[in-house]
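Chains, contacts and geometry: an overview
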Amino acid sequence: MTKTTDPIERTGFAPRFWEDKPLRQFTTAEWEALCDGCGKCCLNKLEDEDTGEVELTNVACRLFDDGTCRCSNYPIRHQFVPECIVLRPDNIDSHAYWMPRTCAYRLLWEGKPLYDWHPLISGDPQTVHDAGVSMQNRTVPEFEIDEDDWEDHIIEEPI
């Protein structure tokens, strides 16, 4: 495994803080540290109007950097993508259903443990990629695919 630089600060927290602390009591830094860097939340999704079932596509947001699995303009993303969701402890109840099944936010909301490859457990942000869970080098930019063709890009969630 290659040790990569983590763009998210994951130090200075109580050990395994996520196991004993309710999501609504997380500090902003603790909340941000939950992001595993998989990039799946930045994929365009299709929701069946009748069943509410959500499918992932490999069609990524125009700001998604598929090499790093990060938003290329995270601090000012809403200037370019106004519909980008800011997931917070006070709105996760209405968004968890479309979050990826391996997402730490969703897992904790569902009362499930984090996977061993999560950077908070492994200590290395590369483990999400090494585990094959991320969308690193697996996406197409949304500006290259007509929205009517997104259905042709439905994928199974890599887990």
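One can find the structure itself at the top, above this paragraph.
Read on for an overview of the structure. (Residues numbered from 1 in each chain as written. Predicted model: local features only at pLDDT ≥ 70, side-chain atom pairs only at ≥ 80, totals over all residues. Heavy atoms only, no water.)

**Considerations on the packing of aromatic side chains**
For the structure on display, the rule yields six aromatic pairs. Centre to centre, the rings of Phe 17 and Phe 26 are 5.3 Å apart; their planes meet at 65 degrees, and the pair counts as edge-to-face. Classification of Phe 26 as buried rests on a relative accessible area of 8%. On the basis of an interplanar angle of 45 degrees and a centroid distance of 4.6 Å, the ring pair of Trp 31 and Tyr 105 is categorised as tilted. Pair noted here: Trp 31 is in helix H1 (residues 28-33) and Tyr 105 is in helix H4 (residues 104-109), with a separation of 74 residues, a long-range link. Classification of Trp 31 by relative accessible area gives buried; the value is 6%. Clustering of aromatic rings is evident, with ring pairs tying together Phe 13, Phe 17, Trp 18, Phe 26, Trp 31 and Tyr 105. A cation over a ring is seen here: Arg 77 above Tyr 74, with NZ or CZ 4.0 Å from the ring centre. (Phe/Tyr/Trp six-rings, centres within 6.5 Å; stacked < 30°, edge-to-face > 60°. Buried < 20%, exposed > 50% of the residue type's maximum accessible area, 1.4 Å probe, protein only. Helix = DSSP H or I, 4+ residues; strand = E, 2+ residues; numbered from the N terminus. Lys NZ or Arg CZ within 6 Å of the ring centre and 35° of its normal.)

**Some remarks on the pattern of salt bridges**
Per the counting criterion, the structure on display carries eleven salt bridges. Residue Arg 88 pairs with Asp 90 through a salt bridge whose shortest N-O separation is 2.9 Å. Judged by its relative accessible area of 39%, Arg 88 falls in the partly exposed class. For Asp 90, a relative accessible area of 48% corresponds to the partly exposed category. Through salt bridges with shared partners, one network takes in Lys 40, Arg 101 and Glu 157. (Salt bridge = Lys/Arg side-chain N within 4 Å of Asp/Glu carboxyl O.)

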